[in-house]
Each structure stands twice: as C-alpha cells, then as structure tokens.
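# Inside the fold
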Amino acid sequence: MQAVAEQTNTGISFEETENQKMIAQMVRDFGEKEIKPHMMEWDESQEFPIPLFKKLGDLGLMGVLVPQEYGGSGFGYHEYVTAIAELSKIDGSIGLSMAAHNSLCTGHILQFGNEEQKKKYLPKLATAEHIGAWGLTEPNTGSDAGNMRTVAEKDGDYYVINGAKNWITHGKSGDVAVVIVRTGETGDSHGMTAFVIERGTPGFSAGRKENKLGMRASETAEMIFENCRIHKDQMLGGEGEGFIQAMKVLDGGRISIAALSLGIAQGAYEAALQYSQERHQFNQPIAKFQGISFKLADMATEIEAAKLLTHQAADLKNKGKSVNKQSAMAKLYASEIAVKAANEAVQIFGGYGFTKDYPVEKFYRDVKLCTIGEGTSEIQKLVIARAILK
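Residues numbered from 1 in each chain as written. Predicted model: local features only at pLDDT ≥ 70, side-chain atom pairs only at ≥ 80, totals over all residues. Heavy atoms only, no water.

### Considerations on the environment of G320
Under the convention used in this document: The way it works is that DSSP assigns letters per residue, a run of H or I at least four long becomes a helix, a run of E at least two long becomes a strand, and they are numbered from the N terminus. Each residue's exposure class comes from its accessible area (1.4 Å probe, protein chains only) as a fraction of the maximum for that residue type: buried when under 20%, exposed when over 50%, partly exposed otherwise.
With respect to the element layout, G320 can be found in the loop between α8 (290–318) and α9 (324–349). Since its relative accessible area comes to 65%, G320 is described here as exposed. Along the primary structure G320 and S293 are separated by 27 residues, whereas in three dimensions their C-alpha atoms are 41 Å apart.

Here you go:
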C-alpha cells in the first residue's frame, strides 16, 4: 500500500479521498476474512494475535505514517484515522494495538530519532517484523509523569536503568520499546529522557499481563528494568528532552484514540441500525417506534460530529501545526459519544445485547477504555481549558 500523488488537500475535505476509500474497503475485506471469525476466541483467551499483525504489516497498516524511504506507506493522518476506525468497527482490540504501534513507538522514533535510528528501526516496525511498545506510565504515577521512579544513571557511555512501567500496550510481546525514564530531578520536566530499547537486552523483562474488562486481544503488561545497561546511542534526541517529546507524541496519540472511539461508535451504531430494522414487535420493525428511531438519530448525528472533530485534528497534524487543543477535543468528544453509542446499542438490542452472541456486548466492554487511554476525559478537559484560557 503506497501513497499516491493526489494528496494535495489544502483543508478538511467533507468527502473521502480515493486513498481513504481504498483503505476502508481493504480493511473491511481483511476484517471479514481474518478478524471476525476469530475475534471472540481472542477475546475469551486474551490472546494477542501476533500473526494477524504481521498480515497487517504486509498491507502497510503498521507503517501508515512512515515515509516510503523507511519502508512505510507514506500516508497522512486522514488515511491513518480511516484505517483505525475501520479496524475498530470490527474489533477495538485490533484497532487499539495498531494505533499504539503506529503513533507511540513508531511515531516517537519517526519524530525524534536521528537518521541512523530511523534507518535501523522504522523499516522493521513499518512491516511488523517488529512490534512496538511505548513506556511512560508507572504503577504509582499514572498521568503524574513528572514523579516517575524509573531512573537511568549515567555510567560512562552507558545508562543503567532501574524501575518498572505498567499499562504498556505490547509490554510483553513488543520487540522494540521507546521508554521515558528519569535522568534528572523529580518533578523537573527537563529531567526525563527517552531511550529505544530492544527486547533481549539484559535487565529488560516483561512483568504481569493485565486481565482486562475489554480490549482483551490487545496485550497490556508491565515492563521491568533491573540494572539494564543502555548505550548513549540508544537515546532519542538529547538528555532531558524525553518529557517534552512524550507530550508531543501524546498529541498525536489522542487522534488515535479519537479514531478508535469513532470506529467503535460506528460499529455499535451500524449493528443497532441493522437489528432495529430486522427485529419486529407489534407487527412492525422496532425502528418504526419513535423511542428507537430517536436513539438512532442521536447516534448518527453525534458520530458525524466526532468524525469532523477527528479529521480537523488530523488536518492540522498533516500541516505540522499544533494539535494540542483540537486532538484533546476530538478525543474527549469521540470517546464520550462512543460510550453513549455502545450503551444505546445494547438498549436497542434489549436482552440480546447482554449476550456474547451479538456484537454490541463486546463494543460495550471495549469502549470504556477510550475514556481512559491517553488520559481520562477529565485530563482532556484540563488540556482544553488551558488552551482556551491561555
């Protein structure tokens, strides 16, 4: 999958480009064959289906934003949002893992790595030869990254890392991890540094895998560092730049979660719309009842609004402009309407919506993470408030 020359948008288009249509159809066809038949098995067993992601790599979806010179697809954020949303309409777990791989680990190296680091890591990440992980969160800090306890102490040309990261997507199976650690004083935003660390490095191991409510096929685990020696050449950018880098990476990450939320909302809505036209009560489809049709109307309207917010943030990201406020708005709104859409879909399905025989039960469980991942809704409101009160 390669970008084509027609990417000349100067603003947000209200129509899908040919690239977006092609990606959407490709993902739908792939999902019908490779995801739908197995997704409930993966959900029940909490299996992270690595072979599936290798196939996504073959399609170019594990390096959507990576330039072609580094083995990627060379697309922009509109195509990226489309890919995540279409995957998430089928299975949010797969959309989440694809997004984390692209925007966090791969995105961090793409944005802040030197040329040697890009040439070394991006081709393997873009093809899913390597699965990527990204480590910021710790057990006792959460969003309070300034008080992280994972420390790197300098020892000649090396840094010795000790500590642990948790809630890490692909923390166990990732081949390459970008990890932000403390190299300065606690609470100092210039006291943190990012390193890229390969699986198999002595002192780097996986810890406990989380047993989750939803998104169960997307692996979430601890990463543990015990006297892990990392050469200074593995540093991304300069010493003390890790926190600033992480905040910029998370701006893009919010677009990912908005796209994930958008996909789940669309999936829940489409399932509810179809069911409401097939299910008959009192000799007519339940869609004919005002109580049901109004729910569907609200869902459709809110999804369209979320889509516009998400693509507005994508457009600014493509142009290299600040997306701090817009990505937070997109993530906040899309995640909250996705939770609402999944809830309403269960209501429309009635008792059947509470069973695993129908898709909305899984959407209902998966979607809650969208209001938590990349910061809670309250944190998004804080980001937005700071931007508008500046």
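### A look at the pairing of strand β3 (residues 158–169)
Stated precisely, the cut-off is as follows: Two strands form a pair only when DSSP identifies at least two bridges running between them.
Inspection of the sheet shows strand β2 (residues 151–155) paired to β3 by five bridges, in the antiparallel sense. Bridging across to β3, K154 finds its partner in Y159. Between the end of β2 and the start of β3, which pair antiparallel, lie two residues, with G156 showing a positive phi angle near 70 degrees. In this sheet, strand β7 (residues 220–231) lies alongside β3 in antiparallel orientation, the contact comprising nine bridges. Residue pairing in the sheet places K165 in a bridge with M223 of β7.

### Focus on the confidence of the model for the protein chain
To be explicit about the condition: A residue's pLDDT is simply how confident the predictor is in it, with values from 0 to 100. Two residues qualify as a contact provided that any one of their heavy atoms is within 4.5 Å of a heavy atom in the partner residue.
In this model, the protein chain carries an average pLDDT of 95, and 96% of its residues clear a pLDDT of 70 or more. Below a pLDDT of 50 lies the segment residues 4–10, which in the model reaches ten contacts outside its immediate sequence neighbourhood of four places, other chains included.

### A closer look at the nonpolar core
The criterion, for reference: As used in this record, nonpolar core signifies buried Ala, Val, Leu, Ile, Met, Phe, Trp, Tyr and Cys residues forming a set joined through side-chain atoms within 4.5 Å.
I35, L61 and M98 are the most contacted members of the largest nonpolar core, which totals 66 residues. Tallying contributions element by element places helix α7 (residues 242–278) first for this core, with 13 residues. In terms of nonpolar packing, the next biggest core, distinct from the first, is built from 26 residues, L104, C105, L122 and V196 among them.

### Digging into the side chain of K165
Note the cut-off: Whenever a nitrogen or oxygen atom comes within 3.5 Å of another N or O atom, the pair is scored as a polar contact, on the condition that within protein one atom can donate a hydrogen and the other can accept it, and that pairs from neighbouring residues in sequence are kept only if both atoms are in side chains.
Structurally, K165 can be placed in strand β3. Of the polar contacts made by the side chain of K165, one reaches the backbone oxygen of I180; its length is 2.7 Å. The residues touching K165, leaving out its near neighbours within four places in the chain, are G135, L136, T137, E138, M148, T150, V179, I180, A221, E222, M223 and F225.

### Observations concerning the environment of F30
If you trace the backbone, F30 turns up in helix α1 (residues 18–35). Residue classification places F30 among the buried positions, given a relative accessible area of 10%. Excluding anything up to four places from it in sequence, F30 contacts I35, L52, K55, L56 and L59.

### Let's talk about the packing of aromatic side chains
For clarity, the cut-off: Here is the rule: rings of Phe, Tyr and Trp (six-membered ring for Trp) pair when centre to centre is within 6.5 Å. Planes less than 30 degrees apart are stacked, more than 60 are edge-to-face, and the remainder are tilted.
On inspection of all chains with the given rule, the structure shows nine aromatic pairs. Ring geometry for Y77 versus Y80: centroids 5.5 Å apart, planes at 80 degrees, classification edge-to-face. Note that Y77 and Y80 are positioned in helix α4 (residues 77–90) at a spacing of three residues, about one turn of the helix. We classify Y77 as buried; its relative accessible area is 11%. Between Y159 and F195 the ring centres are 5.1 Å apart and the planes differ by 55 degrees, which places this aromatic pair in the tilted class. In this pair, Y159 sits in strand β3 while F195 sits in strand β5 (residues 192–198), placing the two residues 36 residues apart along the sequence.

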